[in-house]
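# Analysis of the macromolecular model
Residue strings, one per chain:
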Amino acid sequence: MASDEILVFTTMGDRDMAEEHISEMLEQGIIISGTIFPEVELVYLWEGKITVDTENKILLKAKADKYNAIEEYIMKRHPYIAPEIIRMDVSFGSPAYKAFVEEKIKKNS
């Protein structure tokens with residue numbers, strides 16, 4: 001059985017844009033919160049050469065039923081042609097934290 005809660009990872013080169021996108025998704029009610037891990041290094045093979053770039057890793061917490069809206073938002077507004085979108089089904093953990101998240105969702109609905 002799938003979880004009611006999800007984490008969605010994506011990346012963005014520009015921190016200000018990352019903050020803007022998280023704020024818009026919060027205002028739309030499609031995420032519970034967003035975390036920006038600034039200036040992480042991405043190491044990958046490009047045209048036969050090892051390449052190192054920096055980007056911002058973004059972690060979004062949301063209810064599972066909002067995933068399609070999150071994916072649609074990212075695909076429409078992200079500057080990359082094929083942005084990273086990784087969904088993880090999770091449980092938000094302790095009963096106290098789950099109650100906190102549920103209360104936050106109710107207040108923002």
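Bear in mind that the values here come from a model prediction, so they are computed numbers and not experimental data.

Below, the discussion takes up the overall build of the protein chain. In terms of helices and strands, the protein chain carries three helices and four strands. If you list the helices and strands of the protein chain from N to C, you get β-α-β-β-α-β-α. For the protein chain, the spread of C-alpha atoms along the principal axes amounts to about 50 × 25 × 25 Å. Evaluated residue by residue, the protein chain yields a buried proportion of 31% over its 109 residues. Considering only residue pairs separated by 6 or more positions, the protein chain has 68% of its internal contacts joining residues 24 or more positions apart. Accessible area of the protein chain: about 7100 Å², with a carbon and sulfur share of 54%. For the protein chain, the separation between the mean place of its 13 positive charges and that of its 20 negative charges on side chains is 7 Å.

This paragraph deals with unusual backbone geometry. At E39, a residue that is not glycine, the phi angle is positive and equals roughly 50 degrees. The residue E39 is located in strand 2 (residues 33-46) in this model. Here E39 falls in the exposed class, since its relative accessible area comes to 56%. Positive phi, normally seen in glycine, also occurs at E47, with a value near 50 degrees. Along the chain, the position of E47 falls in the loop between strand 2 and strand 3 (49-63). Judged by relative accessible area, E47 falls into the exposed class, the value being 71%.

The next thing to look at is helix 2 (residues 67-77). Inspection of helix 2 places Y67, I70, Y73 and I74 among the buried residues, and these make up the whole buried set. Here the buried residues of helix 2 occupy an arc of 130 degrees about the axis, which is enough to place them on one side. In helix 2, the exposed positions that point more than 90 degrees away from the buried face belong to N68 and K76. On its buried face, helix 2 is in contact with strand 1 (5-12), helix 1 (15-28), strand 3 and strand 4 (86-90).

Take the pairing of strand 2 next. In the sheet, strand 2 pairs with strand 3 via 12 bridges, with the strands oriented antiparallel. When the bridges of strand 3 are listed, L45 appears paired with I50. Counting the residues between successive antiparallel strands, the hairpin from strand 2 to strand 3 contains two residues, one of them, E47, with a positive phi of roughly 50 degrees.

Cut-offs used in this document
- Residues numbered from 1 in each chain as written.
- Predicted model: local features only at pLDDT ≥ 70, side-chain atom pairs only at ≥ 80, totals over all residues.
- Heavy atoms only, no water.
- Helix = DSSP H or I, 4+ residues; strand = E, 2+ residues; numbered from the N terminus.
- Buried < 20%, exposed > 50% of the residue type's maximum accessible area, 1.4 Å probe, protein only.
- Contact = heavy atoms within 4.5 Å.
- Areas by Shrake-Rupley, 256 points an atom, 1.4 Å probe, with all protein chains shown as cover.
- Lys, Arg positive; Asp, Glu negative; His and termini not counted.
- Charge placed at Lys NZ, Arg CZ, Asp CG, Glu CD.
- Arc of directions from axis to C-beta.
- Pairing = 2+ DSSP bridges.

Honestly, that's just the spatial picture; any functional story needs more than this.
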